Amino acid sequence: MLGYFNGYILFPALEKLKKREISNKLTELREFELLDQKTQIEKQKKLLYHFFIFCQKNIPYYQELFKKYNFEPVKIFKDLNYVQTLPILSKEIIKEYSDQLKKPWGGFHERKTGGSTGQSVLFYYDQQGLDWTSAINLYSLELAGKMPHHKDCHISSELGIEPPNIKYRLIDWIKLFSQNRKRLMIESFSEKNLKRNYEELKKMRPYLLQGHPSSAYAIASYIKEHNISPKKLCDVFEPSGEMLTQKIVERIESYLKCKVVNRYGNAEFGVMAHSLPNHDYKKLKIFRRAFYIEPTSQSNIIVTGITNLGFPLIRYDTGDIGTVKEEKDGLYLYDIQGRVHDLETI
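Remember, it's a predicted structure, so these values are computed and weren't measured experimentally. (Residues numbered from 1 in each chain as written. Predicted model: local features only at pLDDT ≥ 70, side-chain atom pairs only at ≥ 80, totals over all residues. Heavy atoms only, no water.)

1. With respect to the overall build of the chain
Next up, step 1: Looking only at helices and strands, the chain features 11 helices and 14 strands.
Next up, step 2: Here the C-alpha atoms of the chain give a radius of gyration of 21 Å, agreeing with the 20 Å that 2.2 N^0.38 yields for 346 residues.
Next up, step 3: Each principal axis of the C-alpha distribution contributes one length, and for the chain these read about 65 × 45 × 40 Å.
Next up, step 4: Across the 346 residues of the chain, 51% fall into the buried class.
Next up, step 5: Contacts spanning at least 24 positions in sequence make up 67% of the contacts within the chain whose residues lie at least 6 apart.
Next up, step 6: Within the structure as shown, the chain displays about 17,400 Å² of accessible surface, and the carbon and sulfur contribution to it stands at 54%.
Next up, step 7: Computing the positive centroid from 52 side-chain charges and the negative centroid from 42, the chain places the two 4 Å apart. (Helix = DSSP H or I, 4+ residues; strand = E, 2+ residues; numbered from the N terminus. Rg over C-alpha atoms; globule rule 2.2 N^0.38 Å. Buried < 20%, exposed > 50% of the residue type's maximum accessible area, 1.4 Å probe, protein only. Contact = heavy atoms within 4.5 Å. Areas by Shrake-Rupley, 256 points an atom, 1.4 Å probe, with all protein chains shown as cover. Lys, Arg positive; Asp, Glu negative; His and termini not counted. Charge placed at Lys NZ, Arg CZ, Asp CG, Glu CD.)

Structure follows, in structure tokens:
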């Protein structure tokens, strides 16, 4: 009963208290995903058009860029690929022109990339953009089968983390409690710590386990190497960062007795694509309500984000490599490469 209270009463109440607008965006995203492909594409063109008009009127960097390349937003209605007449936006450009990429009247939430695909960069969300990333994350969890009343667990690393102050700990606890979420803290992959993590996970028994695949793989390998009879430790495992491989998927599914799903995202945009319940983990559907990702074959993944007007990114090179294909029921992402994280020896 507590899970239902947290998920369906406490979380919405906190959303209103903090003046967030997540639920209405989640509803809009669900409705968009139910539309046929042709209608989705037409709506995406309209969203891109209004997005480009906003940038043309309000963002200094794009005011100059559009003039230089004679970019006319209205032409997007004829061809989505018209955006490719503009140059690629790199991390180096963002560093150099950061102030000119911001919405002039402020109201920003600062974020920082992790540096897994190159240099670390500061970028910004406005409140609407931040609410959209939260809504998309909730929709992604729904695709994984995780509903608000289900328990979930996030694998976190304790390496190099400064002890937070009391105020931060309290806010963090309320946030986790309202989401029915707990954390599984990983100190190292030592025998002692893996045993502790296995016992903690067995006690928690969440519906969804989320974290780096290497951490879940280490726990699964501990079970295998100690000849422990595999039992269902969670229903679904979802990666956050790092690249899934067939070996990792097979080990996790065999020894945690769960289904492995997949998602693609980064700090700049949040979650951009997710595997569908009836699809293989290698096939991810792109959320075109929020992103235009350019079709490509084993090349750089280039993204235009539609929902963050505070710091718009047009034709941003993510630093990742993949294949993006338009199929009869949507736009899909395959063969993701390049997300190589800087790992400490533990």
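2. Looking at the packing of aromatic side chains
Any aromatic ring pair is given by two values, namely how distant the centres are and how the planes are angled relative to each other.
Next up, step 1: Tallied over the entire structure, the rule returns 19 aromatic pairs.
Next up, step 2: For the pair Tyr62 and Phe66, a centre-to-centre distance of 5.9 Å together with 45° between the ring planes defines the contact as tilted. Here the residue Tyr62 and the residue Phe66 both occupy positions in helix α4 (residues 60-68), the gap between them amounting to 4 residues, near one helical turn. The pair formed by Tyr62 and Phe66 is uniform in burial state, with each residue classed as buried.
Next up, step 3: An aromatic cluster of at least three residues, connected via ring pairs, comprises Phe51, Phe52, Tyr61, Tyr62, Phe66, Phe71, Tyr82 and Tyr97.
Next up, step 4: The positively charged end of Lys102 is found above the aromatic ring belonging to Tyr124, 4.2 Å away from the centroid.
Next up, step 5: The lysine or arginine in question, Lys283, covers the ring of Tyr332, its NZ or CZ lying 4.4 Å from the ring centre. (Phe/Tyr/Trp six-rings, centres within 6.5 Å; stacked < 30°, edge-to-face > 60°. Lys NZ or Arg CZ within 6 Å of the ring centre and 35° of its normal.)

3. A few points about helix α9 (residues 191-204)
Count 3.6 residues to each turn of an α-helix, and residues three or four apart come out pointing the same way.
Next up, step 1: In a regular helix each residue adds 1.5 Å, so 14 residues correspond to 20 Å; α9 covers 20 Å between its end C-alpha atoms and thus fits that length.
Next up, step 2: Where α9 is buried, its residues contact β3 (152-157), β4 (181-186), β5 (208-211) and α10 (213-225).
Next up, step 3: One or two positions beyond α9, positive phi appears at Arg205, with a value near 45°. (Expected span 1.5 Å × (residues − 1).)

4. A closer look at the sheet that holds strand β9 (residues 270-275)
Next up, step 1: With antiparallel pairing, 7 strands are arranged side by side in an open sheet as β8-β9-β10-β14-β13-β12-β11. Looking at the sheet topology across the chains shown, the edges are occupied by β8 (263-266) and β11 (291-293). Pairs of neighbouring strands in the sheet enclose a mean axial angle of 45°, with direction left out of account.
Next up, step 2: Sheet analysis places strand β10 (residues 284-286) next to strand β14 (residues 330-337), joined by 2 bridges and oriented antiparallel. Within the sheet, the bridge partner assigned to Leu284 lies in β14 and is Leu333.
Next up, step 3: Helix α3 (residues 37-58) rests against β11, β12 (296-305), β13 (316-327) and β14 of the sheet, and its axis sits at about 55° to β12. (Pairing = 2+ DSSP bridges. Axes fitted to C-alpha atoms, helices over the stretch in contact; angles between N-to-C directions.)

5. Comments concerning a nonpolar patch on the surface
Next up, step 1: Side chains of Leu2, Tyr4, Phe5, Tyr8, Ile9 and Met147 sit close together on the surface and give an oily, nonpolar patch of about 580 Å² of accessible area.
Next up, step 2: In this structure, Ile9 sits in helix α1 (residues 2-17).
Next up, step 3: Residue Ile9 is classed as partly exposed on the basis of its relative accessible area, which comes to 49%. (Patch = residues over 30% accessible without salt bridge, like charges linked within 9 Å, V, L, I, M, F, W, Y side chains within 5 Å. Salt bridge = Lys/Arg side-chain N within 4 Å of Asp/Glu carboxyl O.)

6. Here we look at the sheet that holds β5
Next up, step 1: Taken in spatial order, the 5 strands line up as β4-β3-β5-β6-β7 in an open sheet, and their pairing is parallel. Every interior strand has two partners, whereas the edge strands, β4 and β7 (259-260), have only one.
Next up, step 2: Judged from the 6 bridges that link them, β3 and β4 form a sheet pairing that is parallel. Note on β4: the bridge partner recorded for Ser157 is Ile186.
Next up, step 3: Across the sheet, α9 lies against β3, β4 and β5, angled at about 170° from β4, the strand it touches most.
Next up, step 4: Across the sheet, α10 touches β3, β4, β5 and β6 (236-239), and the angle it forms with β6 is around 140°.

Note that every value here comes from positions in space, so none of it alone points to a role or purpose.
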